[in-house]
Number of protein chains: 2
Amino acid sequence: MAMNVYLAGPDVFLPDALQVGRQKTEICRRHGLIGLYPLDNVVDRTATEASLQIFKVNEAMMDRADAIIANLTPFRGPGADAGTVYELGYMAARGKFCLGYSNDPAVYADRVRRSTKVTVRSGLLIDADGLTVEDFGHNDNLMMIHALDLHGAPLVLPHEKPADIWHDLAAFEVCVALAAARLTSA
Amino acid sequence: MAMNVYLAGPDVFLPDALQVGRQKTEICRRHGLIGLYPLDNVVDRTATEASLQIFKVNEAMMDRADAIIANLTPFRGPGADAGTVYELGYMAARGKFCLGYSNDPAVYADRVRRSTKVTVRSGLLIDADGLTVEDFGHNDNLMMIHALDLHGAPLVLPHEKPADIWHDLAAFEVCVALAAARLTSA
């Protein structure tokens, strides 16, 4: 039986979200997997209760999936998209196979340094608001990094940031291959 | 038996993180609950494997808790802290009682408007990178908003943004009271 993979990510916010979803599910198909892309769910987006409906459909899709591939590329700030991260936590807790990638291979602390003034105090990096910047050399918050390490496979990163971080699917395809390998070994 | 509540939030990044943790656990105690604050876990932060150790200790704490109170106050961008959001997803999936608050009551789309140039195209809000801005009138991403609605209680917001968003604990205490009410009704 084919493995169902939930395709989480801020891809749904792209102007060509549907097209990206088609490309991702096609890559899954080539590797013998079934990709479940949130936008596949027809939801009446004009309805008053649209957002609740989207939530319920996404949750049902996650419950049906055997694995998640989370696009953790930084979104509207130095870290990953909150909706995607929520879904990664949800799937980890359900014991699903957790995979993720980010198309920005920079270390989190370096990314924060680029977007805001960071100072060093008592050996800690402090941002402009006085909050400590996590500095373990990881790509993003340690909860996601180690969730992947322990509940799936380490975060997949490209060697270099691709020209189009929202449409380059090379790191995504590595995750698909990892999921497919897991399936054939199970 | 007292309810164990996992106290998630970017509070751990505050310069006075320990002190805030003490205040939060004391508020829990006054309401008859046991607050589990991540920094309560003594971890040797100089160790090479420190971040993995922190992850494991946090996960064990979550597994031990009956509920989560997530501080979803915007952190280093227009949305909540990724580590906190991961934990909310994890707890929702484990069927724990999910509560959250944000000390910035503004609507998410308005917060994005303040931090970046937003345009309207075909009735959708589009940010400077060309990505759609979720615009359902919620305080943050719909996955967190409805996770709280369906797995606990609606997001708690102050009427007005407090002067010190990182130290005002009024909205936090409302969450504690909700958790305590749940305990006595169980």
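The present account deals with the structure reproduced in this document. Everything numeric here is computed off the predicted structure, so don't read it as measured data.

### A short note on the environment of Lys 96 of chain A
All names here are of chain A.
Thinking step 1. Looking at the secondary structure, you find Lys 96 in the loop between α3 (82–93) and β4 (97–101).
Thinking step 2. Between the alpha carbons of Lys 96 and His 151 there is a distance of 7.5 Å; along the sequence they are 55 residues apart.
Thinking step 3. Residues contacting Lys 96, with those up to four places away along its chain left out, are Met 62, Asp 63, Ala 65, Asp 66, Ala 67, Met 91 and His 151.
Thinking step 4. Reaching out from Lys 96, the side chain makes a polar contact with the backbone oxygen of Ala 65 at a distance of 2.7 Å.

### Here's the deal with the relation of the copies chain A and chain B
Both copies of the chain are related by one operation, a rotation about an axis with a shift along it.
Thinking step 1. Least-squares fitting of chain A to chain B yields an RMSD of 0.0 Å, with the superposition described by an axial translation of 0.0 Å and a rotation of 180°. As the rotation angle and translation indicate, the two copies are arranged about a two-fold axis.
Thinking step 2. Comparing contact sets, 98% of the residues at the interface of chain A also lie at the interface in chain B, consistent with an isologous, same-surface contact.

### Notes on the side chain of Glu 59 of chain B
Thinking step 1. Note on placement: Glu 59 of chain B falls in helix α2 (residues 50–64).
Thinking step 2. At 6.3 Å, Arg 94 of chain B is the nearest oppositely charged side chain to Glu 59 of chain B, a buried residue that forms no salt bridge.
Thinking step 3. Residues within four places of Glu 59 of chain B in sequence aside, it is in contact with His 151 of chain A together with Tyr 90 of chain B.

### Some remarks on the environment of Asp 164 of chain B
Residues and elements named next belong to chain B.
Thinking step 1. As for its position among the elements, Asp 164 is in the loop between α5 (142–151) and α6 (170–185).
Thinking step 2. A relative accessible area of 37% means that Asp 164 is categorised as partly exposed.
Thinking step 3. Between the alpha carbons of Asp 164 and Asn 103 there is a distance of 8.8 Å; along the sequence they are 61 residues apart.

### Digging into the nonpolar core
Thinking step 1. In terms of nonpolar packing, the biggest core is built from 56 residues, with Tyr 86 of chain A together with Tyr 86 of chain B touching the most fellow members.
Thinking step 2. When residues no more than four places from it in sequence are discounted, the contact partners of Tyr 86 of chain B are Val 85, Leu 88, Gly 89, Ala 92, Met 143, Met 144, Ala 147 and His 151 of chain A together with Phe 55 of chain B.

### Some remarks on the interface of chain A and chain B
Thinking step 1. Taken together, the contact between chain A and chain B spans 48 residues of the former and 47 residues of the latter.
Thinking step 2. If you sort the residues of chain A by the area they bury against chain B, Arg 76, Tyr 86 and Met 143 of chain A come out on top, with a joint share of 20%.
Thinking step 3. For the pair chain A and chain B, the number of links is two salt bridges.
Thinking step 4. For Arg 76 of chain B, the salt bridge is made with Asp 127 of chain A, and the minimal N-O distance between the two is 2.9 Å.
Thinking step 5. One can count 20 residue pairs in polar contact (both at pLDDT 80 or more) joining chain A with chain B.

### Focus on α3 of chain A
Given 3.6 residues per turn, any residue in an α-helix points the same way as the ones three and four places further on.
Thinking step 1. Look at α3 of chain A: 17 Å from first C-alpha to last across twelve residues, which is about the 16 Å you get at 1.5 Å a residue.
Thinking step 2. A large share of α3 of chain A lies buried, amounting to twelve of its twelve residues.

### Overview of the packing of aromatic side chains
Thinking step 1. Within the structure shown, the criterion is met by eight aromatic pairs over all chains.
Thinking step 2. Ring centres of Phe 13 of chain B and Phe 75 of chain B lie 5.5 Å apart, and the angle between their planes is 25°; on these two criteria the pair is classed as stacked. Here Phe 75 of chain B lies in the loop between β3 (67–71) and α3 (82–93) and Phe 13 of chain B lies in the loop between β1 (4–8) and α1 (17–30), a separation of 62 residues in the sequence. Take Phe 13 of chain B and Phe 75 of chain B: they sit in the same class, and that class is buried.
Thinking step 3. Three or more aromatic residues joined by ring pairs form one cluster here, namely Phe 13, Phe 75 and Trp 166 of chain A.

### Examining the sheet that holds β1 of chain B
Residues and elements named next belong to chain B.
Thinking step 1. Pairing is parallel in the open sheet, where four strands are placed in the order β2-β1-β3-β4. In the strand order of this sheet, the two ends are held by β2 (34–36) and β4 (97–101), each with one partner. Neighbour-to-neighbour, the strand axes of this sheet turn through a mean angle of 25°, independent of strand direction.
Thinking step 2. Sheet analysis places β1 next to β3, joined by four bridges and oriented parallel. Looking across to β3, one finds that Leu 7 is bridged to Ile 69.

Cut-offs applied
- Residues numbered from 1 in each chain as written.
- Chains lettered and ligands numbered in written order.
- Predicted model: local features only at pLDDT ≥ 70, side-chain atom pairs only at ≥ 80, totals over all residues.
- Heavy atoms only, no water.
- Helix = DSSP H or I, 4+ residues; strand = E, 2+ residues; numbered from the N terminus.
- Contact = heavy atoms within 4.5 Å.
- Polar contact = N/O pair within 3.5 Å; in protein donor to acceptor, adjacent residues only side chain to side chain.
- Least-squares fit on C-alpha atoms with pLDDT ≥ 70 in both.
- Buried < 20%, exposed > 50% of the residue type's maximum accessible area, 1.4 Å probe, protein only.
- Lys, Arg positive; Asp, Glu negative; His and termini not counted.
- Salt bridge = Lys/Arg side-chain N within 4 Å of Asp/Glu carboxyl O.
- Core = buried A, V, L, I, M, F, W, Y, C linked by side-chain atoms within 4.5 Å.
- Buried area = accessible area lost by both parts, 1.4 Å probe.
- Expected span 1.5 Å × (residues − 1).
- Phe/Tyr/Trp six-rings, centres within 6.5 Å; stacked < 30°, edge-to-face > 60°.
- Pairing = 2+ DSSP bridges.
- Axes fitted to C-alpha atoms, helices over the stretch in contact; angles between N-to-C directions.

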